[in-house]
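Chain and residue survey
Chain by chain, the residues:
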Amino acid sequence: MSTYSYDIELDSNNTLQAEVHYTYNKGEDMVWTLDNGDPGTPGHPPSVEITNIFVSLPDANKNSVVVDILPNLFWALDIICIEDIEEQILKTYE
């Protein structure tokens, strides 16, 4: 498991720091034929699977609590795009 730091811009004055946990798959090259003559594999590109997005939020007593927002991300779909985060992470491996 790896981590990536990501800023969530809530509005022009507020940014929330997130720690994104993810797994990286380096992909597989296409192989036309194997050494024994059998058909090869089509291969697949590198990919990232985000497993958690942790942010620090205040609780009712104004204490800071670290929360995984990924399971409840539907509330922030206009702010956070998972595909954009995955693309940014993939660029770090290029």
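For the structure, see preceding data.
In short, a report on the structure. Quick caveat: nothing in here was measured; it's all calculated off a predicted structure. (Residues numbered from 1 in each chain as written. Predicted model: local features only at pLDDT ≥ 70, side-chain atom pairs only at ≥ 80, totals over all residues. Heavy atoms only, no water.)

In this section: the nonpolar core. Of all hydrophobic cores here, the largest spans 17 residues; its most connected members are I8, V20, I50, I53, I69, I85 and I89. Among the elements of the structure, β1 (2-11), β2 (14-25), β5 (47-58) and α1 (82-91) are those that each provide at least two residues to this core. Leave out the neighbours within four places in its chain, and V20 touches S2, T3, Y4, Y6, I50, N52, I53, I85 and I89. (Core = buried A, V, L, I, M, F, W, Y, C linked by side-chain atoms within 4.5 Å. Buried < 20%, exposed > 50% of the residue type's maximum accessible area, 1.4 Å probe, protein only. Helix = DSSP H or I, 4+ residues; strand = E, 2+ residues; numbered from the N terminus. Contact = heavy atoms within 4.5 Å.)

What follows is about the sheet that holds β1. Across the sheet, four strands lie side by side as β1-β2-β5-β6; this open sheet has antiparallel pairing. If you trace the sheet from one side to the other, it starts and ends with β1 and β6 (64-68), each paired once. Put simply, the sheet's adjacent strands are angled 30° from each other on average, direction ignored. Here β1 pairs with β2 via nine bridges, running antiparallel. What sits directly across from D7, in β2, is Q17. Running at roughly 115° to β5, α1 makes contact with β1, β2 and β5 of the sheet. (Pairing = 2+ DSSP bridges. Axes fitted to C-alpha atoms, helices over the stretch in contact; angles between N-to-C directions.)

This part takes up the side chain of H21. Tracing the backbone shows H21 in strand β2. Among the polar contacts made by the side chain of H21, one reaches the side chain of E19 at a distance of 2.6 Å. When neighbours within four sequence positions are excluded, H21 is seen to be in contact with M1, S2, T3, E49, I50, T51, N52 and F54. (Polar contact = N/O pair within 3.5 Å; in protein donor to acceptor, adjacent residues only side chain to side chain.)

On to the packing of aromatic side chains, then. Inspection of the entire model under this criterion finds two aromatic pairs. Where Y22 meets Y93, the ring centres are 6.5 Å apart and the plane angle is 85°; that geometry is what we call edge-to-face. With Y22 in strand β2 and Y93 in the segment after α1, this pair connects stretches of sequence that are 71 residues apart. Each member of the aromatic cluster is reached from another via a ring pair, and the members are Y22, Y24 and Y93. (Phe/Tyr/Trp six-rings, centres within 6.5 Å; stacked < 30°, edge-to-face > 60°.)

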